[in-house]
Amino acid sequence: MSLPIRAPRGVKDIIPPDAIRFEKIFEDTTGILETGGFQKILLPLFESATLFSRSIGGATDIVEKEMYTFEDKGGDLFALRPEGTASLLRAAIEHHLVDPGKIVRLSYGGPMFRHERPQAGRLRQFHQIGAEILGPLTPSDDVDLISLIHRMAVSFSIPSWRLLLNNMGCSVCRPSYREALVLYLSQHEQSLCPTCRHRTKVNPLRVLDCKTPSCQNILETVPRITDFLCPKSQSHFEQVKSELDSLDIPYTLSHQLVRGLDYYTETTFEFVSDALGAQSTWAAGGRYDGLCQELGGPDIPGFGFAAGVERLWLLREKAGTLPVVASPPVWMTVFPLMTEARPSALKLIRNLRENSIPTTGFFGSVKIKSAFRQAEREGSRFIAFIGEDELRSETVLIKDLKTGEQTSYPIKEFSFIAQNIRKTILPA
Ligand code: ATP
Ligand code: MG
């Protein structure tokens, strides 16, 4: 016997009955986005690798270490998408959906791919649901989308959630902050971990994200971006805070919240939950004012977020709010007792299905006991037998497994059979 092939590390099958519950989580979350006017867009699973290095940033963990990049047979370099924003913007530009004068709201969902160390709530193929708003935005648009995510937290009863908030400045004030940060980090270079020493040179803001214990001392007194904001960014920040206050959405200021992607400007935020352990963030996003132009589109600001579906699952499981959905039922199992009865059985099955009776066939055995067992496994209410007598008299014998009652029908009276079955299962 050859060795079985297993799913790749960090890649999970979602088997019945979890699969339909997982899909329901998608529906619930997208449903909330629909109440905010977001329209669904379906995006490809792979893109030119340069799309991601140009948008997310060549010196980020995602692009440097986590991206599944491959050369196809034509020699072009592609990557499995590690996130959705870059693809969405690429598509919005390509199809002229963006326009400096109008606001567009788009949502997406599906699998994303990152080569990370798998653990609870961290996979190599995981799922995100996200939304982006593109156009002439104000700080109120940031708040409005955060408010929709807040509705998810409330309606899914996410346990002990918190909203972390920061402002990362803009192209005017970020350079002077960056300079102050690099100066500070260089002064403490000896105490930084090797990764942070490297990052100080290539992408200093990433240092603020470092979780290495030895760096935490240095980070305690690191210059704060919010002390460097220009008047425009300062006013953006104040407006976001006061409008969140007016919606009674509590937040915690977090000056080290820079996110793992380079395109963010101004508002950044994360919804976290202590119930998730180390992987505490379940939704995150922010403003990206230069990204559309960077990808060859018009100079249009954007604001977006992505939620991790596996983490939403874990949190809703903890809260007892996982969607309750039953597997689709099977009502009838058709059992031909001999090979010659199979054509009649197939015809009956097809016609019952056409009459909206969920029906399966059991062809592989002549043992009545096996047929009963299969019907039970599938949750069937009825078994239809076609044996020698039935073939001769052109009938079918249908047994109600709940009441034990047996009825013989003319086999060609498909809609009459269907009607009776439906009446029993769905009494008026
Ligand atoms: P983290 O800090 O947990 O690595 P991130 O900053 O890389 O998250 P984003 O790129 O902003 O995350 O993605 C948004 C959301 O997608 C995250 O908040 C999380 O819920 C989910 N997510 C990200 N990476 C993974 C993963 N490898 N497995 C499962 N969910 C993930
Ligand atoms: Mg990450």
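Analysis parameters
Residues numbered from 1 in each chain as written. Chains lettered and ligands numbered in written order. Predicted model: local features only at pLDDT ≥ 70, side-chain atom pairs only at ≥ 80, totals over all residues. Heavy atoms only, no water. Salt bridge = Lys/Arg side-chain N within 4 Å of Asp/Glu carboxyl O. Helix = DSSP H or I, 4+ residues; strand = E, 2+ residues; numbered from the N terminus. Buried < 20%, exposed > 50% of the residue type's maximum accessible area, 1.4 Å probe, protein only. Pairing = 2+ DSSP bridges. Axes fitted to C-alpha atoms, helices over the stretch in contact; angles between N-to-C directions. Contact = heavy atoms within 4.5 Å. Patch = residues over 30% accessible without salt bridge, like charges linked within 9 Å, V, L, I, M, F, W, Y side chains within 5 Å. Areas by Shrake-Rupley, 256 points an atom, 1.4 Å probe, with all protein chains shown as cover. Lys, Arg positive; Asp, Glu negative; His and termini not counted. Charge placed at Lys NZ, Arg CZ, Asp CG, Glu CD. Core = buried A, V, L, I, M, F, W, Y, C linked by side-chain atoms within 4.5 Å. Expected span 1.5 Å × (residues − 1). Arc of directions from axis to C-beta. Phe/Tyr/Trp six-rings, centres within 6.5 Å; stacked < 30°, edge-to-face > 60°. Lys NZ or Arg CZ within 6 Å of the ring centre and 35° of its normal.

**Description of the pattern of salt bridges**
And then number 1: Considering all chains together, one arrives at 19 salt bridges under this definition.
And then number 2: Where aspartate 400 meets arginine 381, a salt bridge forms, and the shortest distance between an N and an O atom there is 2.8 Å. You can see aspartate 400 sitting in strand 15 (residues 395-400) and its partner arginine 381 sitting in the loop between helix 13 (368-378) and strand 14 (382-386), a full 19 residues away along the chain.
And then number 3: On the basis of relative accessible area, aspartate 400 is assigned to the buried category, the value being 6%.
And then number 4: The buried category is assigned to arginine 381, whose relative accessible area is 18%.

**A look at the sheet that holds strand 12 (residues 332-336)**
What holds strands together in a sheet is hydrogen bonding between their backbones, with the strands either parallel or antiparallel.
And then number 1: Within the open sheet, the five strands sit side by side as 13-12-14-15-16. Their pairing is mixed. Strands at the two margins of the open sheet, each flanked by one partner only, are strand 13 (359-361) and strand 16 (406-410). For this sheet, the mean angle separating the axes of adjacent strands, direction not counted, is 25 degrees.
And then number 2: In terms of strand pairing, strand 12 meets strand 13 through three bridges, oriented parallel. Bridged to methionine 332 within strand 13 is threonine 359.
And then number 3: Taken strand by strand, helix 13 contacts strand 12, strand 13, strand 14 and strand 15, and its axis lies near 150 degrees from that of strand 14.

**Topic: a positive patch on the surface**
And then number 1: A surface patch of like charges, here positive, comprises Lys367, Lys369, Arg373 and Arg377.
And then number 2: Tracing the chain through its elements places lysine 367 in the loop between strand 13 and helix 13.
And then number 3: The exposure class assigned to lysine 367 is exposed, which follows from its relative accessible area of 57%.

**Some thoughts on the nonpolar core**
Generally speaking, a soluble globular protein has its nonpolar side chains buried in company with each other.
And then number 1: Of all hydrophobic cores here, the largest spans 93 residues; its most connected members are Leu134, Phe269, Trp282 and Phe305.
And then number 2: It is helix 5 (residues 139-155) that provides the largest number of residues to this core, a total of seven residues.
And then number 3: With 20 residues, the next largest nonpolar core counts Trp331, Ile349, Ile398 and Ile417 among its residues.

**Considering helix 5**
And then number 1: Between its first and last C-alpha, helix 5 extends 25 Å over 17 residues, near the 24 Å set by a 1.5 Å rise per residue.
And then number 2: Of the residues one or two after helix 5, serine 157 is the one with positive phi, at around 50 degrees.

**Thoughts on helix 15 (residues 414-425)**
And then number 1: With twelve residues, helix 15 ought to run about 16 Å at 1.5 Å a step, and its terminal C-alpha atoms sit 17 Å apart, in line with that.
And then number 2: Residues Phe414, Ile417, Ala418, Asn420 and Ile421 constitute the buried set of helix 15. Along the axis of helix 15, the buried residues cluster in a sector spanning 165 degrees; they form a single face.
And then number 3: Looking at the buried side of helix 15, the elements it contacts are strand 12, helix 12 (342-354), strand 14, strand 15 and strand 16.

**Points about the packing of aromatic side chains**
To describe a pair of aromatic rings, you give the distance between the ring centres and the angle between the ring planes.
And then number 1: Taken as a whole and assessed by the stated rule, the structure comprises 16 aromatic pairs.
And then number 2: Between phenylalanine 269 and phenylalanine 271 the ring centres are 6.1 Å apart and the planes differ by 85 degrees, which places this aromatic pair in the edge-to-face class. Both residues of the pair, phenylalanine 269 and phenylalanine 271, belong to the buried class.
And then number 3: A centroid spacing of 6.1 Å and a plane angle of 55 degrees characterise the contact between phenylalanine 372 and phenylalanine 385, whose relative ring orientation is tilted. In this pair, phenylalanine 372 is assigned in helix 13 and phenylalanine 385 in strand 14, connecting sequence segments 13 residues apart.
And then number 4: A relative accessible area of 6% means that phenylalanine 385 is categorised as buried.
And then number 5: Each residue in the set Trp161, Phe269, Phe271, Trp282 and Phe303 is aromatic and connected to the rest through ring pairs, giving one cluster.
And then number 6: Seen from the ring of phenylalanine 237, lysine 241 lies directly overhead, with NZ or CZ sitting 4.2 Å from the centre.
And then number 7: Positioned over the ring face of phenylalanine 156 is arginine 316, at 4.2 Å from the centre of the ring.

**Digging into unusual backbone geometry**
Where the residue is not glycine, phi is negative for most of them; where a peptide bond is considered, it is trans in most cases.
And then number 1: Here proline 16 and proline 17 are connected by a cis peptide whose omega angle stands at 0 degrees.
And then number 2: With respect to the helices and strands, proline 17 occurs in the segment before helix 1 (18-34).
And then number 3: Despite not being glycine, histidine 96 has its phi angle at roughly 55 degrees, a positive value.
And then number 4: Mapped onto the elements of the fold, histidine 96 is located in the loop between helix 4 (85-94) and strand 5 (104-113).

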